[in-house]
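Geometric and topological summary
Here's the letter readout for the chains.
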Amino acid sequence: MNSMKISQIQKMFSENPDLMTGFYENIFKNIESQNPEYNSITHVYPDIVKKRIEELSQIKNPQDYPLYGVPIVIKENIQKKNYSVQCASKILEGYLGQYDSTAVSSLEKSGAIIIGTANMDEFAMGSSNEYSIHGPVHNPFDKKRVSGGSSGGSAVSCALGFASVTLGSDTGGSVRQPAAFCGIYGYKPTYGRVSRYGLVAYGSSLDQISPFTTSVDDLDTVMKVIGQTDPKDATTLLHNYQGKKACDLAQIKVGIMPSLWSKGVDKSIVESINKTIEQMKKLGVTIKNIDIPTIHKCISTYYIIASAEASSNLARFDGVRYGYREENSQSIQELYTKSRSKGFGKEVKKRIMLGTFTLSQGHYDAFYEKGQQVRNYLKKEIAKAWDDVDFILLPTTPTLPFSIGEKCEDTLFMYLNDLFTVPANLTGIPAISCPMIEGDKETDLPIGLQFYAPYNEDEKLIGFAHALEQKQLFGHHRSDVFMNQGGL
Ligand code: GLN
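Let us look at the structure shown here.

Analysis parameters
Residues numbered from 1 in each chain as written. Predicted model: local features only at pLDDT ≥ 70, side-chain atom pairs only at ≥ 80, totals over all residues. Heavy atoms only, no water. Pairing = 2+ DSSP bridges. Helix = DSSP H or I, 4+ residues; strand = E, 2+ residues; numbered from the N terminus. Axes fitted to C-alpha atoms, helices over the stretch in contact; angles between N-to-C directions. Salt bridge = Lys/Arg side-chain N within 4 Å of Asp/Glu carboxyl O. Buried < 20%, exposed > 50% of the residue type's maximum accessible area, 1.4 Å probe, protein only. Phe/Tyr/Trp six-rings, centres within 6.5 Å; stacked < 30°, edge-to-face > 60°. Lys NZ or Arg CZ within 6 Å of the ring centre and 35° of its normal. Contact = heavy atoms within 4.5 Å. Near = heavy atom within 4 Å. Polar contact = N/O pair within 3.5 Å; in protein donor to acceptor, adjacent residues only side chain to side chain. Areas by Shrake-Rupley, 256 points an atom, 1.4 Å probe, with all protein chains shown as cover. 1 Å grid on protein atoms, 1.4 Å probe; cavity = no way out; pocket = protein on both sides within 12 Å on 5 of 7 lines; lining within 4 Å. Sits in = over half its atoms within 2 Å of the grid points. Right-handed = clockwise from strand over helix to strand, strands pointing away.

**Comments concerning the sheet that holds strand E13 (residues 448–452)**
What holds strands together in a sheet is hydrogen bonding between their backbones, with the strands either parallel or antiparallel. With respect to topology, eleven strands assemble into an open sheet ordered E1-E3-E2-E6-E8-E7-E12-E13-E11-E9-E10, the strand pairing being mixed. Both outer strands of the open sheet, strand E1 (41–44) and strand E10 (286–289), are each paired with one neighbouring strand and no more. Looking at each pair of strands side by side, their axes are set apart by 30° on average, direction ignored. In this structure, E1 lies alongside strand E3 (residues 113–118), joined through three bridges in antiparallel fashion. Bridging from a neighbouring strand, histidine 43 pairs with threonine 117 of E3.

Laid out in structure tokens, this is it:
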């Protein structure tokens, strides 16, 4: 893991702001030398960063800024004025942010420095970061393998120490899945915990801006900054994230569904999970079997709802208002058609067609409405589980990171990779992926362990993850993979 935590960076710079210039020069040098191999960063902004450092150096009371001088990278679908918001799509070629998203302005108000933007699957649709106009992102543990997606660029940038915190977006697992593949923490907050103002919408009822970090403390610090109610997003929760709650492991009950991962999940993932469960028991955690039968319907439900919402959200990209335009058109109809046909990639077009179909007259009731019914049903089943347990444990992914190019044409495999992550988005509950201390024995690749918590219990979930981290259950052992922060 990275050698420097947020609190150390914050302390170092508030005592000596002059160190910032050299630190950031190092980060940009690291990115320049490492990024061609990993392709996790799409743009950096050294000139803006330089100005920002000057601005921060003038601050009289830096110790009051929880992220003073802390480097951050954002996914290319989060608005920051004058930074690329290309969403890894041809259709938004050259498009720059017009304003600051609430998450970005909260980070900056706390003293953070946004150094650049991260690669992603086009419009956040994908599970491997291979569907990107910028090309695939490479896994830090094995460059021939995928980083996971869709926030693969953010995951790898965090794992490599280009930034202490990186932001992604999680609509169906896009932060937890790449976190698992890259050996770091990925946290999807309760729906509405973090403002979506300035996030390019994919599935609006599912999307959450979500952070990657290398420690639970860092996660807690960043959540205090971005987990705030926002008048610009009516779906934000009314109370702010309060900070992790203390957790007595001996009082905790965790629900598991072994039958769910008995088939179709890599053997080494099951083994690592079983080992961790045994360790948890030794620490006093009670493990209980639970059942959530509707979970089997989640993938189909998710892909119907997410595609329906995407088809409507992506209607605005018409070649007139933003980015790419096919000039050679005789009519407005032709301009729309040609710009969209050439501007969107294959996977995005697939989703738009699927979504348009399920929303069309005659099909709406059979698909979209049915999907919403299943969603309600699932909510009730999960709510009932909380009568017996505090958290639910699941693998984050059914497989280890696969090879680049191996699965990108296999739609079913790709969609099924989200099996364990989408239920949290469909029901709005918070979920975390933690890097288990033991990776895959044969390949040494990292493995993620996931926990769900009840709606609005973000503080309790992060407190629990922190208690387990303190007991050395998490943190990938191959620290050689992770670079030292900023080369320090
Ligand atoms: N893999 C899922 C999809 O393609 C999740 C994406 C996400 O969370 N943004 O829809």
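**Here we look at the pattern of salt bridges**
Scanning the entire structure with this criterion turns up 24 salt bridges. Note that arginine 176 and aspartate 170 form a salt bridge whose closest N and O atoms lie 2.9 Å from each other. For aspartate 458, the salt bridge is made with arginine 193, and the minimal N-O distance between the two is 3.4 Å. Residue aspartate 458 is found in helix H16 (residues 458–470), and its partner arginine 193 is found in the loop between strand E7 (185–188) and strand E8 (208–213); the two are separated by 265 residues along the sequence. The class of arginine 193 is buried, set by a relative accessible area of 1%. The structure contains a network of salt bridges with shared partners spanning Asp217, Asp220, Lys224 and Lys244.

**Observations concerning the packing of aromatic side chains**
Following the criterion strictly, the structure yields 18 aromatic pairs and no others. Look at phenylalanine 123 and phenylalanine 317: their rings are 5.0 Å apart centre to centre, the planes differ by 40°, and that puts the pair in the tilted class. Taken together, the positions of phenylalanine 123 in the loop between E3 and strand E4 (138–139) and phenylalanine 317 in the loop between helix H10 (298–313) and helix H11 (332–343) put the pair 194 residues apart, joining distant regions of the chain. Of the two residues examined, phenylalanine 123 and phenylalanine 317, each falls in the buried class. Ring geometry for phenylalanine 391 versus phenylalanine 464: centroids 4.4 Å apart, planes at 10°, classification stacked. With phenylalanine 391 in strand E11 (residues 391–395) and phenylalanine 464 in helix H16, this pair connects stretches of sequence that are 73 residues apart. Overall, the relative accessible area of 0% leaves phenylalanine 464 in the buried class. Over the face of the ring belonging to phenylalanine 413 we find lysine 407, whose NZ or CZ atom lies 4.5 Å from the ring centre. The residue whose ring lies beneath lysine 460 is phenylalanine 391, and the NZ or CZ to ring-centre distance is 5.5 Å.

**Details of the environment of proline 17**
Here proline 17 lies in the loop between helix H1 (6–15) and helix H2 (19–38). Taking the C-alpha atoms as reference, proline 17 lies 9.4 Å from glutamate 54; in sequence the two are 37 residues apart. For proline 17, the contacting residues outside a window of four places in its chain are Ser57 and Tyr68.

**Things to note about the site of the ligand**
Thr171, Gly172, Ser174, Tyr202 and Tyr302 are the nearest of the 15 residues found near the ligand. In the model, a nitrogen atom of the ligand is placed 2.9 Å from a nitrogen or oxygen of the alanine 124 main chain. Within the side chain of tyrosine 202, an N or O atom sits 2.5 Å from an oxygen atom of the ligand. In the complex, 99% of the free accessible area of the ligand, which totals 290 Å², lies under the protein chains. Judged by the fraction of its atoms near the pocket grid, the ligand is located in the largest cavity.

**Let's talk about the pairing of strand E2 (residues 71–75)**
The two faces of the sheet receive side chains in turn, since in a regular strand these alternate between them. Counting buried positions over the five residues of E2 gives five, a clear majority of the element. In this fold, E2 hands off to helix H4 (residues 102–109), which returns the chain to E3; that crossover is right-handed. Taken together, the three bridges between E2 and strand E6 (residues 165–170) define a ladder with parallel strand orientation. Considered in E6, the bridge of valine 73 is made with threonine 166.

**Description of the environment of alanine 179**
Among the structural elements, alanine 179 can be located in helix H6 (residues 176–182). With 24 residues separating them in the primary sequence, alanine 179 and alanine 155 have C-alpha atoms 5.8 Å apart. With near-sequence residues (within four places) excluded, alanine 179 lies in contact with Ala155, Ile184, Tyr185, Gly186 and Phe212.

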